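Spelled out, the chains give:
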Amino acid sequence: MSARIEQSPARPLLRRRRRRWSRTTPVRYALLLLVLVISVGPLLWQFLSSLKGSGEALFGRDATLFPQLPTFDAYVTIFRQIPMDAYLTNSAIVCALTIASQVVLPTAAGYMLSRRGWRGRRVTFTVLIVSMVVPFESIMVSLFLMTQELGLLDTLVGAWLPGAVSAMNVLIMRASFTAVPDEIEDAAFLDGASEWQRFTALFLPSSIGAMLVVVVNSFITAWDDFLWPLLVLRSESSFTVSLGLARLSASSFGFDPRVVMAGSIIAVVPVLVVFIVLQRWFHRGVAAGGVK
Amino acid sequence: MTTAIHLNGAARYRPPWVPLLWCAPALLMITIWSVGPFVGTIALSFTDTSPLGMGGAFVGLDNYRSILQDPAFWSATGNSVLYAIIAVPLLVVLPLLLAQLVHTRLPGMGFFRSAYAAPIVASVVAVGLVWQNLLGEQGPVNTVLQRVGLIQQAVPFLSEGSLILLSAIALTVWRGLGWYLIFYLAALSNIPRELYEAAELDGAGPTRRFLTITVPGTRLTMLLVGLLAGIGSLRVFSEVYLLGGATGGPGGEARTLPFFIRDAALDPITGNAGYGAAASVALFALTAVFAVLAQRFGGERDA
């Protein structure tokens, strides 16, 4: 998406020069910097504070922005005092399960939905639409009772199942398969490719972009999820990162705020990495998520 | 060419249930974990099932009658509606203005665009904890305000019901800014630059150009953003939980509707899943009403 924005139609050089800098440009940059401070500032402040040693003030009038003696003590402490490694492993497991199910099942369903004229197609669409209209929060009571009935409370499988497949991703995959021109499929057919061969050699490679969108979407959703893990996960050994951190900050043991800060920075890192690597698909994913 | 019809049509699937087989896994999961529980919630709302799954006698409309008389339900509903009323206009307008600001061919815009995504990249719990620290009695916000001399005593952002709610709204808007910016940037790139240049030559100022070109050109996106932000506001739980604590502020004053549902339905001692289910149906109805209103408000039904 951002690539499209960068493109500008060819225009006379003079005109371009004039439009680039104007009297309002400094104002524009000032506003942009202000918004930058507002949007990145809090996270940066948290990061800088997490590097402060125990002798430095975090809050109040004596607090400075930059740590005088930066140290990673809080990051060491958090792994010692709480099972942060277990939280990270649990989050990774839930994310991996979610990504796997969100890519495989919607790809299969989306492919068939891009084919026309078979029995049950309309019913399938109806089910998808109904599930998209219902907000998770309005079915969580029922979901909880189901999970309990199945004996999946306090298990990672229980944390994963309700978010295992979403209709949105089926529609994203369908749209990408629909974009393959009929002529190319016809040509492959005339060359003797079977349906399975056409699917694997033609449709799948042309939908890798859509799959990456689905991967990014499901990773962020699963990593971010808080309410459902809060309902189903009970024991510390099964907590995800989000849940563990929220409990940490609420606990009455009075943890050093630096440790909580370090924890929230650790929670940001994986998503930040995914974001930097797959930024293009992230932007597309956000835009696609809006096409409900 | 007959192959086209042959290829992408029903005839090639023998047996005819092959396509359904491909869809079955996804369809089953969605039916079991989404459509089913929706029907289940409605059924549950006519019973007095306990959160442990026991009991479950049919009680007719009793649950609905009691939530309508429950001040806690109305307080939570009011909070959720207030949340939407404040957050939605801000989330429709602010990202558009920001998009307008970033959408120029000046150096460094790519950097700003990426940096503005930081709040959405960070998970809600991580940013919730950041804001918890920022807004504390000793936090930087209160310290700065005191130094500047705007306030004498620290503002109790995290300990007073309505302030918790406003802080949570601010957090939602802060996160949503980066989110919806992406929507608006996509919309702006679809408006031909020539329109702006022609208007400029005709003597239209920046405000005029914004109102006559940008606003009509992004109307559908505004409608979409309004719809998503509205539904998102009605679903808020984590922000209030993180800023106001596990009780949702003192005495649950800052609880939103999902927060109320969780407490009313699933508290192992006082909970009543049937009662919570009735509130869930109310939440669903509220979402539906909002969606219909957004469509009306947006004019044509081309969204």
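Remember, it's a predicted structure, so these values are computed and weren't measured experimentally. (Residues numbered from 1 in each chain as written. Chains lettered and ligands numbered in written order. Predicted model: local features only at pLDDT ≥ 70, side-chain atom pairs only at ≥ 80, totals over all residues.)

1. Digging into the overall build of chain B
Here comes step 1: Looking only at helices and strands, chain B features 15 helices and zero strands.
Here comes step 2: In summary, chain B has a C-alpha radius of gyration of 25 Å against a globular reference of 19 Å for 303 residues, an excess of more than 25%.
Here comes step 3: With respect to the three principal axes, the spread of C-alpha positions in chain B is 80 × 75 × 35 Å.
Here comes step 4: Sorting the 303 residues of chain B into buried and exposed places 45% on the buried side.
Here comes step 5: The long-range share in chain B, meaning contacts at least 24 apart out of those at least 6 apart in sequence, stands at 68%. (Helix = DSSP H or I, 4+ residues; strand = E, 2+ residues; numbered from the N terminus. Rg over C-alpha atoms; globule rule 2.2 N^0.38 Å. Buried ≥ 20, exposed ≤ 12 C-beta atoms within 10 Å, placed from the backbone. Contact = placed C-beta atoms within 7 Å.)

2. Description of the overall build of chain A
Here comes step 1: When you go through chain A residue by residue, the secondary structure sums to 16 helices and zero strands.
Here comes step 2: Buried positions account for 42% of the 292 residues belonging to chain A.

3. Focus on the interface of chain B and chain A
Here comes step 1: Residue-level contacts link 87 residues of chain B with 88 residues of chain A.
Here comes step 2: Among the elements that make up the side of chain B that touches chain A, the one with the highest residue count is helix α2 (residues 18–44) of chain B (18 residues).
Here comes step 3: Class assignment of the residues belonging to the side of chain B that touches chain A gives a composition of 59 nonpolar, 23 polar and five charged. (Nonpolar A, V, L, I, M, F, W, Y, C, P; charged D, E, K, R; others polar.)

4. Structural notes on helix α14 (residues 257–266) of chain B
Here comes step 1: Among the 10 residues in α14(B), nine count as buried, and that is most of the element.
Here comes step 2: Buried within α14(B) we find B:L257, B:P258, B:F259, B:F260, B:I261, B:R262, B:D263, B:A264 and B:A265.
Here comes step 3: Where α14(B) is buried, its residues meet α7 (140–149) and α13 (227–232) of chain A together with α4 (71–102), α12 (219–234), α13 (238–244) and α15 (273–297) of chain B.

5. Remarks on the packing of helix α9 (residues 167–178) of chain A against helix α12 (residues 208–224) of chain A
Residue and element names in this part refer to chain A.
Here comes step 1: Packing of α9 against α12 leaves a shortest axis separation of 9 Å and a crossing angle of 165 degrees. Taken together, α9 and α12 sit at an angle that is classed as roughly antiparallel. Regarding α9 and α12, the two cross each other, and that crossing is right-handed. Within the contact between the two elements, α9 uses N169, I172, M173 and S176 and α12 uses G209, A210, V213, V214 and N217.
Here comes step 2: The residue makeup of the contact of α9 with α12, split by class, is five nonpolar, four polar and no charged. (Axes fitted to C-alpha atoms, helices over the stretch in contact; angles between N-to-C directions. Parallel < 35°, antiparallel > 145°, perpendicular 65-115°, else oblique. Left-handed = near helix turned anticlockwise from the far one by under 90°.)

6. With respect to the environment of B:W22
Here comes step 1: Mapped onto the fold, B:W22 is located in helix α2.
Here comes step 2: Residue contacts for B:W22: discarding those within four places in its chain leaves A:A108, A:A109, A:Y111 and A:M112.

7. Comments concerning α7(A)
Here comes step 1: Here α7(A) lies mainly inside the structure; eight of its 10 residues are buried.
Here comes step 2: Residues of α7(A) that are buried: A:M140, A:V141, A:S142, A:L143, A:F144, A:L145, A:M146 and A:T147.
Here comes step 3: In this structure, the buried side of α7(A) is in contact with α8 (156–160) and α13 of chain A together with α2, α14 and α15 of chain B.
Here comes step 4: A:G151, located one to two residues past α7(A), shows a positive phi value of around 70 degrees.

8. Describing the packing of helix α3 (residues 25–50) of chain A against helix α7 (residues 124–135) of chain B
Here comes step 1: Between α3(A) and α7(B), the shortest axis-to-axis distance is 10 Å and the interhelical angle comes to 85 degrees. The angle between α3(A) and α7(B) places the two elements in the roughly perpendicular class. Taken together, the residues of α7(B) that come into contact with α3(A) (itself represented by A:P42, A:L43 and A:Q46) are B:V130, B:W131, B:N133 and B:L134.

9. Things to note about the confidence of the model for chain A
Here comes step 1: On average, residues of chain A score 84 in pLDDT, and 89% of them reach the 70 mark or higher.
Here comes step 2: Overall, residues 1–18 of chain A carries pLDDT values under 50, and its contacts beyond four positions in sequence, including any with other chains, amount to 13 contacts. (pLDDT = per-residue confidence, 0-100.)

10. Thoughts on the nonpolar core
Residue and element names in this part refer to chain B.
Here comes step 1: By size, the foremost hydrophobic cluster in this structure holds 156 residues, and its most contacted members are L181 and A279.
Here comes step 2: Looking at this core element by element, the count peaks at 15 residues for helix α9 (residues 161–188).
Here comes step 3: The residues contacting A279, other than those within four sequence positions of it, are I67, F73, L257, F260, I261 and A264. (Core = buried A, V, L, I, M, F, W, Y, C linked by C-beta atoms within 7 Å.)

11. Topic: the environment of A:F59
Here comes step 1: Considering the arrangement of structural elements, one finds A:F59 in the loop between α3 and α4 (73–81).
Here comes step 2: Residues A:F59 and A:V214, 155 residues apart in the sequence, show an inter-C-alpha distance of 41 Å.
Here comes step 3: Residues within four places of A:F59 in sequence aside, it is in contact with B:G136, B:Q138 and B:G139.

12. What about the confidence of the model for chain B?
Residue and element names in this part refer to chain B.
Here comes step 1: Put simply, chain B has an average pLDDT of 87, and 93% of its residues get 70 or more.
Here comes step 2: Confidence scores differ between elements of chain B, with helix α1 (residues 2–7) showing the lowest mean pLDDT of 47 and α4 the highest of 94.
Here comes step 3: Segment residues 1–5 is flagged for pLDDT under 50; beyond a separation of four residues in sequence, or across chains, it makes six contacts in the model.
Here comes step 4: For this predicted complex, the interface confidence reaches an ipTM of 0.89, while the overall pTM sits at 0.88.

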